[in-house]
Amino acid sequence: MAFITLQNHRIEYQWYLPSVTVHENPIVMLHEGLGSVSLWKEFPQQLADASGHAILAYSRYGYGESDPLTEKREPAYLHDEALLVLPELREKFAIKHPILFGHSDGASIAIIHAGAQRWPVSALIILSPLVYVEEVGIKSITQAREAYLNSDLKERLAKRHADPHSAFWGWCDIWLDPRFLAWNIEEYLPHIECPVLAIQGYQDQYGTMEQIHRTVRGVEKVDACKLDDCGHSPHRDQPDAVIAAVTTFLNSMKGS
């Protein structure tokens, strides 16, 4: 386990190196709303070995072994991650042309970062992207809140977060905040100039296929991969299919 300071917070990170390094540009992994470095489990190493790219994963402020939250999140928190934290991370690790691999909230961060057009990005790989707030997502988060209060969810989250209370309520409270209902990042989609691979499961409990449809309509260069028997976490539900789609996508970029 290693740490770096970003925006005055101690942030956990980990590098995954491929068995054979083929590509120069690293993949930066951006986790979901309750994710962390450890919740990626063995997937980053599997992807590194399959793709030949070094991979950097980190736990955002409030998650994993990073500093716990000391304040309530505001509706612009994903923009802050995309426009303040991620640029500082890139600068400290001298990452000039990353491939951003984002899941759920992490996909939103990747979209904002690339769509801002302030920093070069080689490609986006976005799993279960969220570009606006849907009723189905609010319903699932409300159910998660009940599970946290009345089941063993807190104990399970404690295996992935030093402070599960901070991680859970930092995610839950802002998504259920009435101010967040108007959140929408579709304005960033037409400004994404790099190739995009968007992956979503048909059984995603946090977003309908309209999320990926809007992404496809908004981005000029995008490949869509829709997976059956797959919920909100394609890399856990269908890891082989995701790795195959990602490696095919990355290989198609060679020489382009």
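These remarks concern the structure in this document. Here the residue numbers are simple positions, counted from 1 along each chain's written sequence. Local features in this predicted model are restricted to residues whose pLDDT is 70 or higher, and side-chain atom pairs enter the listing and the counts only when it is 80 or higher, whereas totals over whole chains, interfaces and linings include all residues. Computation of side-chain values covers all heavy atoms of the structure but excludes hydrogens and water.

Description of the overall build of the protein chain
A run of H or I in DSSP becomes a helix once it reaches four residues, and a run of E becomes a strand once it reaches two; helices and strands are each numbered from the N terminus. Along its length, the protein chain carries nine helices and eight strands. Radius of gyration here is computed from C-alpha atoms only, and the compact-globule reference equals 2.2 Å multiplied by the residue count raised to the power 0.38. Over its C-alpha trace the protein chain gives a radius of gyration of 17 Å, about what one expects of a compact globule, namely 18 Å for 256 residues. In terms of its C-alpha atoms, the protein chain occupies a principal-axis envelope of roughly 50 × 40 × 35 Å. What makes two residues a contact is simply this: any of their non-hydrogen atoms within 4.5 Å. Contacts in the protein chain between residues at least 24 apart in sequence constitute 77% of all its contacts with a sequence separation of at least 6.

Considerations on the pairing of strand β5 (residues 99-103)
With five of five residues buried, β5 is to be regarded as a mostly interior element. On β5, burial covers both faces: Ile 99, Phe 101 and His 103 on one face and Leu 100 and Gly 102 on the other are all buried. Two strands make a pair as long as DSSP finds a minimum of two bridges between them. Bridge count between strand β3 (residues 27-30) and β5: four bridges; the pairing is parallel. Looking at the pairing, Met 29 lines up with Phe 101 of β5. Taken together, the five bridges between β5 and strand β6 (residues 123-127) define a ladder with parallel strand orientation. By the bridge assignment, Leu 100 is partnered in β6 with Leu 124. Crossovers are marked right-handed if the path from the first strand over the helix to the second runs clockwise, as seen with the strands pointing away from the viewer. Crossover handedness for the path β5 to helix α3 (residues 105-115) to β6: right-handed. Summary of the burial criterion: residues with accessible area below 20% of their type's maximum are buried, those above 50% are exposed, and those between are partly exposed, where the area comes from a 1.4 Å probe applied to protein chains only.

A closer look at the sheet that holds strand β7 (residues 196-201)
Strand order in the open sheet made by the eight strands is β1-β2-β4-β3-β5-β6-β7-β8, with mixed pairing throughout. Each of the sheet's edge strands pairs with one partner strand only, and the pair in question is β1 (2-6) and β8 (222-227). Here the strands of the sheet are splayed against their neighbours by 20° on average, with no regard to which way each runs. When strand β2 (residues 9-16) meets strand β4 (residues 55-58), the two strands line up antiparallel, connected through four bridges. Bridged to Gln 14 within β4 is Ala 57. Axis lines are fitted through C-alpha atoms, for helices just across the contact stretch, and the angle between N-to-C directions can take any value from 0 to 180 degrees. Its contacts with the sheet put helix α1 (residues 43-51) on β2, β3, β4 and β5, and the angle it makes with β3 is roughly 155°.

Thoughts on the packing of aromatic side chains
Two rings from Phe, Tyr or Trp (for Trp, the six-membered ring) form a pair when their centres sit within 6.5 Å of each other. Planes less than 30 degrees apart are called stacked, planes more than 60 degrees apart edge-to-face, and all others tilted. Under the counting rule described, the total for this entry stands at 13 aromatic pairs. With a centroid separation of 4.9 Å and 70° between ring planes, the pair formed by Tyr 13 and Phe 93 is classed as edge-to-face. Here Tyr 13 is found in strand β2, whereas its partner Phe 93 is found in the loop between α2 (77-92) and β5, with 80 residues between them in sequence. Across this residue pair, the class does not change: Tyr 13 and Phe 93 are buried. Ring geometry for Trp 175 and Phe 180: centres 4.7 Å apart, planes at 70°, overall edge-to-face. On the accessibility criterion, Trp 175 (5% relative accessible area) is buried. Above the face of the Phe 3 ring, Arg 10 is positioned so that its terminal group lies 3.7 Å from the ring centre. Just above the ring of Tyr 132 sits the side chain of Arg 214; from NZ or CZ to the centre is 3.8 Å. Note on geometry: a ring has a charge over it if NZ (lysine) or CZ (arginine) is within 6 Å of the ring centre and within 35 degrees of the ring normal.

Section: the packing of α1 against helix α9 (residues 239-252)
Where α1 contacts α9, the two axes come as close as 10 Å, and the packing angle between them is 40°. Of the two elements, α1 crosses α9, and the hand of that crossing is right-handed. Within the contact between the two elements, α1 uses Phe 43, Gln 46, Leu 47, Ala 50 and Ser 51 and α9 uses Pro 239, Val 242, Ile 243, Val 246, Thr 247 and Leu 250. Residues are grouped as follows: Ala, Val, Leu, Ile, Met, Phe, Trp, Tyr, Cys and Pro are nonpolar; Asp, Glu, Lys and Arg are charged; every other residue, Gly included, is polar. A per-class count over the contact of α1 with α9 returns eight nonpolar, three polar and no charged. What makes a crossing left-handed is the near helix being turned counterclockwise from the far one by less than a right angle; a clockwise turn instead makes it right-handed.

Some points on α1
Three or more residues of α1 are buried, namely Phe 43, Pro 44, Leu 47, Ala 48 and Ser 51. Buried residues of α1 fall within an arc of 135° about the axis and therefore sit on the same side. Elements that come into contact with the buried residues of α1 comprise β2, β3, β4, β5, α8 (234-237) and α9. Backbone geometry just downstream of α1 places Gly 52 in the positive-phi region, at approximately 80°. Think of it as the arc spanned by the lines of direction from the helix axis to the C-beta atoms.

Quick look at the nonpolar core
Proteins that are soluble and globular tend to have nonpolar side chains buried together. Core analysis: the largest hydrophobic core is formed by 62 residues, its most contacted members being Leu 124, Phe 168, Trp 171, Trp 175 and Ile 192. Once you skip the residues sitting within four places of it in the chain, Trp 171 turns out to touch Gly 33, Leu 34, Tyr 63, Arg 73, Asp 105, Ile 141, Ala 144 and Tyr 206. Nonpolar cores are built from buried Ala, Val, Leu, Ile, Met, Phe, Trp, Tyr and Cys residues. Side-chain atoms within 4.5 Å join them into one set.

Description of the pairing of β1
Along a regular strand, successive side chains alternate from one face of the sheet to the other. In this structure, β1 lies alongside β2, joined through five bridges in antiparallel fashion. Residue pairing in the sheet places Ala 2 in a bridge with Tyr 13 of β2. With antiparallel pairing between neighbouring strands as the criterion, β1 and β2 make up a hairpin whose turn holds two residues, including Gln 7 at a positive phi of roughly 50°.

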